Structures are given as C-alpha cells and as structure tokens.
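# Remarks on the overall topology
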Amino acid sequence: MTTPTPAGAQPRGRYLVTLSLTALGVVYGDIGTSPLYALRECFTGSHPVELTPANVLGVLSLIFWSLVIVISLKYLVFVMRADNRGEGGIMALLALIGPRRSGSPSQQRWLLLAVGLFGAALLYGDSMITPAISVLSAVEGLQVATPVFLPWVVPITIAILVALFVFQQRGTAGVGAVFGPVMLVWFGLLAILGIAQVVQAPEVLAAVSPTHAVSFFARNQWTGFLVLGAVFLAVTGGEALYADMGHFGRRPIRLAWFAVVIPALLLNYFGQGALLLDHPDAASSPFYRLVPGWALYPVIMIATAAAIIASQAVISAAFSLTRQAIQLGYVPRLRIEHTSQEEIGQIYVPAVNWALMVFTIALVVGFESSSRLAAAYGVAVSSDMLITSLLLFVVSREVWRWPLVACVLGTVAFVAVDLAFLTANAAKIPQGGWFPLVIAGGAFTLMSTWKTGREILARRLLEHSVPLEVLLADIAADPPQRVPGTAVYMVRTPDITPPSLVHNLAHNKVLHEKVVFLSILTEEVPYVPQAERVQVKALGKGFYSVVARYGFMQDPNIPFVLQQCKSHGLDVVVSGTTFFLGRETLLSTERPGMARWRERLFSLMSRNAARATAFFHIPPEQVFEVGVQVEM
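The sections below set out a description of the structure shown in this document. Source: prediction; values computed, not measured. (Residues numbered from 1 in each chain as written. Predicted model: local features only at pLDDT ≥ 70, side-chain atom pairs only at ≥ 80, totals over all residues. Heavy atoms only, no water.)

### Thoughts on helix H17 (residues 350-367)
Taking 1.5 Å of rise per residue, 18 residues should cover 26 Å, and H17 covers 26 Å from first to last C-alpha, within 8% of that figure. Among the residues making up H17, those that are buried are Pro350, Val352, Asn353, Leu356, Met357, Thr360, Ile361, Leu363, Val364 and Phe367. Considered in projection along H17, the buried side chains sweep an arc of 155° and stay on one side of the axis. Pointing more than 90 degrees away from the buried face of H17 are the exposed residues Val358 and Gly366. Immediately beyond the C-terminal end of H17, within one or two residues, lies Glu368, with a positive phi of roughly 70°. (Helix = DSSP H or I, 4+ residues; strand = E, 2+ residues; numbered from the N terminus. Expected span 1.5 Å × (residues − 1). Buried < 20%, exposed > 50% of the residue type's maximum accessible area, 1.4 Å probe, protein only. Arc of directions from axis to C-beta.)

### A look at the nonpolar core
Ranked by size, the top nonpolar core spans 174 residues in total, and within it Tyr28, Leu67, Trp186, Phe187, Ile253 and Trp257 carry the most contacts. Tallying contributions element by element places helix H6 (residues 106-139) first for this core, with 15 residues. Apart from the residues lying within four places of it in its own chain, the contact partners of Tyr28 are Ala23, Leu76, Met183, Phe187, Leu241, Ile253, Ala256, Trp257 and Val261. If you look at the next biggest cluster of nonpolar residues, it comprises 14 residues, including Leu471, Ile475, Ala487 and Val515. (Core = buried A, V, L, I, M, F, W, Y, C linked by side-chain atoms within 4.5 Å. Contact = heavy atoms within 4.5 Å.)

### Things to note about a nonpolar patch on the surface
Taken together, the side chains of Ile69, Leu73 and Val77 define a hydrophobic patch exposed on the protein surface, amounting to about 200 Å² of accessible area. Residue position: Ile69 is located in helix H4 (residues 53-78). In this structure Ile69 comes out as partly exposed when scored by relative accessible area, which is 32%. (Patch = residues over 30% accessible without salt bridge, like charges linked within 9 Å, V, L, I, M, F, W, Y side chains within 5 Å. Areas by Shrake-Rupley, 256 points an atom, 1.4 Å probe, with all protein chains shown as cover. Salt bridge = Lys/Arg side-chain N within 4 Å of Asp/Glu carboxyl O.)

### Brief notes about helix H19 (residues 379-399)
The terminal C-alpha atoms of H19, which comprises 21 residues, lie 29 Å apart, in line with the 30 Å expected from a rise of 1.5 Å per residue. Counting buried positions along H19 yields 16 of 21 residues, so the element is predominantly enclosed. Within two residues after H19, Arg401 carries a phi angle of roughly 60°, on the positive side.

### A look at unusual backbone geometry
Backbone geometry at Glu368 places phi at a positive 70°, although glycine is not the residue there. A relative accessible area of 45% means that Glu368 is categorised as partly exposed. A positive phi is found at Lys541, a non-glycine position, where the angle reads about 60°. Examined against the element boundaries, Lys541 turns out to sit in the loop between strand E5 (534-540) and strand E6 (543-550). Taking the relative accessible area as the measure of exposure, Lys541 reaches 67% and is therefore exposed.

Right, here's the structure in full:
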C-alpha cells in the first residue's frame, strides 16, 4: 500500500498517476471481478428472467445506472467527502460522528452506534464470501475450456485459497507492488473483450437509456425486481472505495474509476450483452464465451490473479477493521504483526486470518459453485450500503451543517436505491444469504459484549478506587520506604489510583524512587501526530503522570512512549524499569449490568485476550502482575 497523502495536500502529476495505478490493485479488485458472474446470474441465477433481447437491454440498463448512481454519484461524490482526517470506512465514520452527538439522548446515541457497529460486523461475512466467489468463478473457466476439469474446480479453488491465506503471514509488500499493473492488464482485457463483441452488435448501446430499465420492470414485475439481487453483484465493491480512502485519498481513487474502471466494466458488460443477443446459449458463462478459444487459458490465469487480488483486498480490510475495533475498545487485544517496516497499514492478524480461511473453504465446499455462492452474496454489502446512507445523513446534518431539506432529499434518494437492492437481496436469504447475517450477528454480539463489559468493569474497579491525590497525600503524610529504580503503573483513568499500586504498597510496604502512572488513550481519529503523542505532568515526590494518545489506526508502544518522555523532563531507563499490570479475575453475578450469559462470554474473551506485554511491546521479564477479583 501507499503512504497516505498528508491532510490538505492533493497528489498531482506523476505521483497522482502512480497512486491511481496502485488504487486499481487495492480498491477495485472486488468490483473488477464482478463481470465474471454478475450478468450470468441475471439469466441463470436463483431468480432468472427469460433471455430475450428486451430483457438483455433492460438488465444492461440496470447495471449501467447502478454503477452510475451507486458508485459514481453516491460513493465517489458524496460518501468520500465524509472522511475522518483522511480515513474512511464505517469505523472511521462512527468515530467521526460520535463526539458530535455527545449531547444527544444516550438511547439515540446507543442506537446509532449499534447500527454502525453491525455494519462493521457485516464486513467479516463479506471477507469470507468474496474470496470464495471470486476465485471459484475464475477457476470455473477451466470447465468452459474442457469438461475434464469439472471435478477439479473445487479442489483447485481450495488449494489457491489455502496458499492465499498461508501467504498472509509473509506480508503483501512484494505482491502489492504488482497488484496495480496486474489489475490494469485485467481492466484492459475486460475492455478489449467487450469492444470486440459490441462492434458486432452496436444496438446493445441503446441500453444506456433508462427507459429500458423502466420497461424491464413493467414487463417482468416481481421477477424483474428480484433480478436486482443479481444486478447488485455489479456494484459489490462500493464499500471498498470508502474503506480504502485513507491509503490513497479521493483524487487517485476517483481518477482510477473514471479513467479506467467504469469504462472497462461497461464495455465488458455491454459486450456480454451483445454476445447474448446473438448467442443466447452463452448465458451459462457469457464472460468466458467472449474469449477466443486460443486465449482461454491465459485469460483464466489473469482472471485468477485478479480474483486473488480482490480476495487480498477484503482480507486486508478485515485485518484493518480488527485493529481499529481493538483500539476503539470493541474487540479484545489480539496479536497483530507488522509485515512491512515502511508501511504501517500492512498488518497481519493471525486469529482473523485462520478464521477467514476456515469459513471461506467451508463456503466453497458447501456451495460448490459460484452460482450458488452468488445466492449468498450481496446481502451483507447491500445492508452495509444502507447503513452508510443512514450515517451519512447524520454527518451531512451535524458535521457538514447542511440544511435539513438537503439532507433529507439526499438521504431519501440514496436510501430508496439501497432499500430496493436490500429487499431484492433479502430473497436470497433462504438460499444462503443467511450466512453473512449469522457471521455479522456473531461478530456484533462479541464486539458489543466486549465494549459493554469493559465499561462495566471500569465502573466496578472505580467503586473500590481512591482518587490519586488522596493517595499522594497519604504517602506524603506517612512516607513508605523507597527503593531504587522506576515503576510504571498502567492506569485506565489518569486521576484514579491503580489497584496494582495499592496491592503492591499493602503487601511489599515499599515504593520505587520514581513512579510513573501511564495512561494509553485512543482518540477517535486515525492518527495522532508524534509531536502531540505524550503529555507528562510532575506530581511531586518522584511521582509522574504520563498520558499517551494514539489514533485508532496506530499501535501503542510503551517503551517508545517512555523514550519520548525524556524531551518532557522525565528520563526513564526502560531496561531498569518494572512494569506493574493488573490482571482481573471476573466473576459472573446477579448485579445489574449484562445478562449472565454475556458476563460469561465477556469473561471468556478476557481470558483469551492477548497479554498486555505483547500488545504494548513491554519486555515480559520486567513485568509484575497483580491479580484483582471483580464481580460483574
């Protein structure tokens, strides 16, 4: 990935072209592989329409206007304006609107955050389905070449997916450099294949007129409406535009879309439509039927490479979402590995990676074909798009300060389109659309339980805590024995005495000559500049309060924070420091808070969270843990 452009700076010239080329490989992988199956599903999927010339033009018109309205207008013009210091995605959007709604009734704010959190959880279902359907649809080209490959499609797909997920731990720095050029070749191939067929049936270009879409609905009625579920497959990469905005900025993503992506997609879709006008029997695989026989195997290889890139994009998005959720307090600490010393965005989360691999392979084995998987695809993304539109109303009204009339009109227009797609996709739920909803429901339960549990735990600990100034006054009145060295106590709240200090003082009767109360705060912004990272306050008698602020796209590093303290008048030698950490034992009780099953779930998640030493990069041999029993 590419380092994001500083806020306010706009890439120009060759740098803009370079960023746009790179964006092709990261942002547009998902939507770029949709021609492999989108048009096919309209005529052979779970809710097909009769393949007639009028219906071909109608479906093409729906695809054309869906790409224009949903991607070009909604996302590239409006949604991408809602950036949180350059970052996009639902988590960034939640962080953007959260502080500005602090004066709203708590119930309204809770509902808003819950809806946004469920939208973020939907990404995990999408991150499982996208690799499965993309790779499977590409490999299915082999059975178009010869029926001999028919029994080998699923095993080959599984082998590619296993290799893809195993490769994640090695990082994407090397492969990322060729993602853009490969996708440029892919989009060029889409355009060439489409043009070659359009010139033989130029009448297909009449589908640009919206009258064909209107007459399609009038002619096919309810069946025509259900086809929207298949048409939606052409725009499933829309959320990636917003989620990956922080890596490239608006201009490169917009340039790549209007200069390369949408022309190539439309030419290919219209080429497939032209083929179906002359050869209705090609409906089972219109994309691969565009390809001359001599070029079929090379095209399959390029399509597979494009599918792998599309899969890589959503896997990386799942890693990024998990890190944001950890930093914002929605997910327990997990082991996060950085796979590049240069690019902070290239991370690897083992627990998420292996879970995605297991579920993705299970999808391939369970559904066996991309056509069946298409029945499960779209429910999560259409739900996400509707949630984004609703949150965008809040942003336009409370952040941008637009007039209420403009906010309502814009929201109604986008929500109407989103609801139409979501309703059509809802018909897929019995055929497999339930899968991403179940995954999202499970992820939402885990995230909301962890967030609520941490808030309750903080209140329980506060009940037995004393203000830090009271403790300091007691120590000044009756000084304990001081021993050489530095002690660092991790605290949730800077002005509250950490339980680990109380227990250490009660049992050991000594204090270090230098005591640091360290609080790590995650701000609701992507990045906190290093110059604004650390605040140091001398409390007297060798006591210091240190507050380190990080953005939700950054990883805290305590040894580095302590090194920064030197410029603020606090010299800490990390190698001679003892770190005191609290370790809570949680007991499920009848006290008001959460349901008992959620308390037990929270306790289980807490026990399996990554150790603070690894997450904060604390030398484990210098850690002293103090146990605390807490009734939930």
